[in-house]
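Each chain, letter by letter, is given below.
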Amino acid sequence: MNENRKNFERLTRALVDDIDRLSDIEVFQETKEDYRDVETVVAAAKASIEKGIIAAGKQRLQLARDGLRGVSTNMSFNVRSISSVVKKQLIDQFSNHDAQLKGRLTMAARNSSGGIDDIDSLLEDLYDLGLIDEEGNML
Amino acid sequence: MSAPVDLAALDSMNAGGTRMEQSSARQREQLSREALRQAISSLSPADMLRLHKKAKFFSPGTGMEPADLLQEAIARTLQESDGRNCPADVSVPVFLGNAMRSIADGERDKARRIVSLDQDSAASTITATDGRTPEDAVAAVQQLDQIWAQLEHRFADDPQAIAVMLGLAEECTADEIKEIEPMSQHEYEAARKRVRRELERLSHRGLKQ
């Protein structure tokens with residue numbers, strides 16, 4: 001390591017504790033000597049602190065969004081990759097043996113806004129139950 | 001002096017009785033992320049000024065403005081894994097000071113690496129992932145040399161301050177420094193303050209205002 005850097009870091013490490021030992025009055029006095037307008041310095045420090053808090057919040061929000069997107073992608077990827085023809089065949093095969101399911105699918109078909117999601121949701125359930133594989137083949 | 005964080009008050013900030021019931025020895029020892037965020041948001045003006053001083057202390061040689069170093073320290077602290085990394089018996093200004101020092105050390109290493117890579121490279125085309133150019137890195141590295149030279153020049157006629165400055169840089173104790181350059185405890189403390197104040201003045205341009 002560069003000698004001046006080593007000296008600088010050791011010196012600041014030793015002297016930084018002195019800053020913590022200063023009384024509040026001494027801190028204000030020294031700031032006034034350096035800047036005259038203490039309130040402006042306090043406001044600038046406060047702005048940096050708030051920016052740091054906001055940056056951390058944004059980062060955590062982004063991580064949460066990425067996490068949700070990842071979960072969503074994993075859950076729906078297999079269903080969406082199945083063709084509508086295969087989906088129809090699967091639904092027909094399962095609903096022929098399940099009157100309740102057949103009724104739900106009829107309702108879904110009548111409700112054009114929620115029908116596809118409802119079918120996809122059913123296929124995800126079938127996948128989770130181990131009744132179909134990732135390509136929609138019956139197991 | 002900054003007071004240690006009031007644990008009882010911070011515990012009451014934690015929402016819900018369940019979390020309090022789950023309060024373990026570990027939670028007693030370290031602040032939750034939310035408690036830390038609250039503590040940072042509640043810093044007194046004097047503590048903000050202490051952090052301002054520390055940011056000026058640690059920023060030279062990093063290529064960062066003091067304001068950016070302080071902001072980065074807070075952002076990284078609050079982003080840490082589970083946020084439970086601040087010991088409850090350490091005051092927040094002390095903890096954030098340590099965080100700034102750690103970031104500064106890392107940034108100086110980075111600047112040094114960029115300079116080394118650039119010197120090894122035939123073409124000066126290296127750019128760090130954060131956009132820092134070799135010229136920025138060279139300027140950061142040179143800043144420490146300049147500050148050190150200015151300190152030596154400033155105290156050329158002040159043997160007590162030079163003894164404190166060089167002694168602390170060699171990790172000498174107060175007694176060892178006073179042995180090298182005979183002075184009373186009062187004179188030692190006054191010289192130490194002169195060095196610190198000069199270092200603060202030389203270290204960067206302060207927070208943007």
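Rules used in this analysis
- Counting restarts for each chain, with residues numbered from 1 along the sequence as it is written.
- By the order in which they are written, chains take letters starting at A while ligands take numbers starting at 1.
- Given that the model is predicted, a residue must reach a pLDDT of at least 70 before its local features are reported, and side-chain atom pairs must reach 80 or more before they are shown or counted; all residues, however, enter totals for whole chains, interfaces and linings.
- The basis for the side-chain values is all heavy atoms of the structure; hydrogens and waters are excluded.
- pLDDT expresses how confident the predictor is about each individual residue, on a scale running from 0 to 100.
- Any two residues having at least one pair of non-hydrogen atoms within 4.5 Å are treated as being in contact.
- Between 30 and 60 degrees the pair is tilted, below 30 it is stacked and above 60 it is edge-to-face, where a pair is any two Phe, Tyr or Trp rings, Trp via its six-membered ring, whose centres lie within 6.5 Å.
- Only when the NZ atom of a Lys or the CZ atom of an Arg is both within 6 Å of the ring centre and within 35 degrees of the ring normal do we say a charge sits over the ring.
- Helix and strand labels come from DSSP, where a helix needs a run of H or I of at least four residues and a strand needs a run of E of at least two; each type is numbered from the N terminus.
- Only protein chains enter the area calculation, which uses a 1.4 Å probe; residues under 20% of their type maximum are buried, those over 50% are exposed, and those in between are partly exposed.
- Within 3.5 Å is the distance limit for a polar contact, defined as a pair of N or O atoms, with the added protein rule that one can donate a hydrogen and the other accept it, and that residues adjacent in sequence qualify only through two side-chain atoms.
- Note on terminology: a nonpolar core comprises buried Ala, Val, Leu, Ile, Met, Phe, Trp, Tyr and Cys residues joined through side-chain atoms within 4.5 Å.

With respect to the confidence of the model for chain B
Residues and elements named next belong to chain B.
- With 73% of its residues at a pLDDT of 70 or more, chain B has an overall mean of 79.
- Of the regions scoring below 50 in pLDDT, residues 122-126 engages in 11 contacts with residues more than four places distant in sequence or in other chains.
- Predicted complex metrics record ipTM = 0.77 and pTM = 0.67.

Here we look at the packing of aromatic side chains
- For the structure shown, the criterion picks out zero aromatic pairs over all chains.
- Lying across the ring of B:Y188, B:K178 places its NZ or CZ 5.9 Å from the centre.

Things to note about the environment of B:K178
Residue and element names in this part refer to chain B.
- You can see K178 is positioned in helix α10 (residues 174-180).
- Given a relative accessible area of 18%, K178 falls into the buried group.
- Sequence separation of K178 and Y188 is 10 residues, and the distance between their C-alpha atoms is 7.2 Å.
- Side chain to side chain, K178 and Q185 meet in a polar contact 2.4 Å long.

So, the nonpolar core
- Counting residues in each nonpolar core, the largest one holds 59 residues, and the members touching the most others are A:L11, A:I49 and B:I40.
- Ignoring anything within four residues of it in the chain, the contact list for A:I49 reads B:I40, B:L43, B:M48, B:L51, B:L70 and B:I74.

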